[in-house]
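# Reading the structure
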Amino acid sequence: MKMVRRRCLKSVLLCILFVLGNLLLLAIIQIMTWSSGNTPGYHALLSKNPIYYEKSNNPRATERGEHQIQQSQRETELDRVHKKRREHLQEICRYKKMTFLGFSPENAVRNHFVFDQNSRILYCAMEKVGSTFWRRLFQILAGKSKSKSPFDIDPGDALGGNVKTFSDLPFYMITAIVSSYKKFIIVRNPFERLFSGYIDKIFSLTFSHIGKHIVLTQRPNATHHSKQCGHDVTFAEFVKYFIQGERTKKHRDGHFIPMYDHCKPCQIGYDYIAKLETLEKDTIYILKQLNFSSMASSLEKGFKEKTKNDSAEDQTELLFRYMKVLEKCISRHEIQKIFWRKEQIRGIIDPDIRFPFSEKESSSLTQEQYLGALYRSVGRTRSKEMAKKFRRDAMLKAYSTIPKSDLEALKEIFKPDCEIFDYDCNSV
C-alpha cells in the first residue's frame, strides 16, 4: 500500500509541475508578445488610465510633438543639402586644385579669413555675400563683443572687432588651423553678386573713385562733369570695366572679383557652404552644427524682419553721411532719389511707390523722416516671393543692356564659381 501511495503522490507532483511549467511558458510568451506590440499589452492598459489618456490627447502636447518631428525632418533635410554641397565641392576640385587658384595677392586673401581659437571655427568673409552680418555675428561667437545679437552691432563696426585673421600668421599656423578647425563660407549666384556690387557701390555713388575710372576708360565722349564725378556710370559700362580688370588683373576690387579668388575653396575644403539665397536656414543650421544653439534660437525669431530693418537703417545712415560730399556733383534731391531706387532694386520697398518728397522738402529732410518713409513704403515686398521677384526683374532688366559678347565673357569669368558652388552660368 505504501508503495502504491508513493507512486500516486509522485504522479500528482509531476502533474502539478507540468501544469506550472506550462503556465510559466504561457506567461513568458504573453510578455514577449506585449513588448513586440502585436497585442494591446501593458502600454494599452496604461492608455485606459484617464491620466495617460488626457496627456495623449492634449492639443498643446500634440502640437509640440508635431513641431519637434517637423524640426527634426528639416534638420535632416538640411544635413542632406549641406552634404551634397560639400561632396559637389570635393568632386569639382578633385582634379582642378591647380586650375582654380585665382589671382588675388596673398595679403588680400589672408585678410578674408577670420578665426576663433576657443571655438575652433574659421570663416572666409566676402564682400556682397552677407559679410557685414556674419562679421558682426562672428565677433559675438568669438567673445569679442558683449552684444546679444549681431543686429545690435553697428554695421560700420563689422570690420575689425578684434577678431583674428590670417594677415600676420606664419604658414605653419595657417596650415594647422585649416586642417583642424571647422570651416564655413557663404556664397551667392555670381551674376547677382556682380549686379549687387554695382548697385551698392557704383549706382549709389559711394565708390566715386571707381566711377571716375570707369568713365575715363569706358566712355569715349565723356563730359568734363562725368569725368570729375563718375556719378552716371551705366551697368553696361561697369561690366566692361569688370571684364577688362579680370583680363588684365589691374584695377580690381574685392566687391566684384570672383568668389573662388577670395576664399580658395579647392585649397581649403570647407565643411559648410551656406548660400545667400537660403541665408536664414543656413545660418541657423551652421550655428547649431558649431554648438551655438542659443544664438541660433535667438536669431530664428524675426530674422527676416530684423534683416530688412537693419539694412534700411544702414542705408539711410550711408545716404546722409555721403550727401554733403555728393552734392558737389548732383543735387540733394537726386541723391535721395538714387538711394530710394536702390532700396527698390534690392526688394526692400515697393518698386511702384515714387519718391515721396519734393525738391523743396529734400533740402531739409532728416534721417528720421526718410527712414519713416521707407518703412511706410514696404507694400508688396512684405511677401518674400514678391521681394525676390522685384530683385530678379531689376537684375534681368540691367543684364538685357549688356552686349552678347560681354555676356559670354562674364560667363567665362564666372565659370569657376558656377562649377564649384553649383550655379547655372546660363541663367541670365
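Below you will find a few notes about this structure. (Residues numbered from 1 in each chain as written. Predicted model: local features only at pLDDT ≥ 70, side-chain atom pairs only at ≥ 80, totals over all residues. Heavy atoms only, no water.)

## Looking at the overall build of the protein
- What the protein contains, in helices and strands, is 22 helices and five strands.
- Relative to its full complement of 428 residues, the protein shows a buried share of 44%.
- A fraction of 69% describes how many contacts in the protein between residues 6 or more apart in sequence connect residues 24 or more apart.
- For the protein, the exposed surface amounts to about 24600 Å²; the carbon and sulfur share of it is 55%. (Helix = DSSP H or I, 4+ residues; strand = E, 2+ residues; numbered from the N terminus. Buried < 20%, exposed > 50% of the residue type's maximum accessible area, 1.4 Å probe, protein only. Contact = heavy atoms within 4.5 Å. Areas by Shrake-Rupley, 256 points an atom, 1.4 Å probe, with all protein chains shown as cover.)

## Considering unusual backbone geometry
- One non-glycine residue, Leu205, lies in positive phi territory at about 70°.
- By the element assignment, Leu205 lies in the loop between helix H8 (190-203) and helix H9 (208-218).
- Located in the positive-phi region is Lys249, a residue other than glycine, with phi close to 60°.
- Examined against the element boundaries, Lys249 turns out to sit in the loop between helix H11 (235-248) and helix H12 (259-263).
- The class of Lys249 is partly exposed, set by a relative accessible area of 35%.

## Section: the side chain of Asp282
- With respect to the secondary-structure elements, Asp282 resides in helix H14 (residues 279-289).
- Residue Asp282 is classed as buried on the basis of its relative accessible area of 1%.
- A polar contact of 3.0 Å, which involves the side chain of Asp282, links it to the side chain of Arg85.
- Contacts of Asp282, omitting those with residues within four sequence positions, involve Leu78, His82, Arg85, Ala274 and Lys275. (Polar contact = N/O pair within 3.5 Å; in protein donor to acceptor, adjacent residues only side chain to side chain.)

## Regarding a positive patch on the surface
- Together, Lys281, Lys384, Lys388 and Arg391 give the surface a local cluster of positive charge.
- Looking at which element gives the most residues to the positive patch, the answer is helix H20 (residues 384-399), with three residues.
- Position of Arg391 among the secondary structure elements: in helix H20. (Patch = residues over 30% accessible without salt bridge, like charges linked within 9 Å, V, L, I, M, F, W, Y side chains within 5 Å. Salt bridge = Lys/Arg side-chain N within 4 Å of Asp/Glu carboxyl O. Lys, Arg positive; Asp, Glu negative; His and termini not counted. Charge placed at Lys NZ, Arg CZ, Asp CG, Glu CD.)

## A look at the environment of Glu359
- One can find Glu359 in helix H18 (residues 359-362).
- Classification of Glu359 as exposed rests on a relative accessible area of 56%.
- Linking Glu359 and Arg332, residues 27 residues apart in sequence, is a C-alpha distance of 8.2 Å.

## Observations regarding the packing of helix H17 (residues 332-345) against helix H19 (residues 367-376)
- Following both chains from N to C, one finds H17 and H19 inclined at 30°, their axes separated by 12 Å at the closest point. One way to sum up the angle between H17 and H19 is to call them roughly parallel. Crossing hand, H17 versus H19: right-handed. Between H17 and H19, the residues in contact are Gln336, Phe339, Trp340 and Glu343 and Tyr370, Ala373 and Leu374, respectively. (Axes fitted to C-alpha atoms, helices over the stretch in contact; angles between N-to-C directions. Parallel < 35°, antiparallel > 145°, perpendicular 65-115°, else oblique. Left-handed = near helix turned anticlockwise from the far one by under 90°.)

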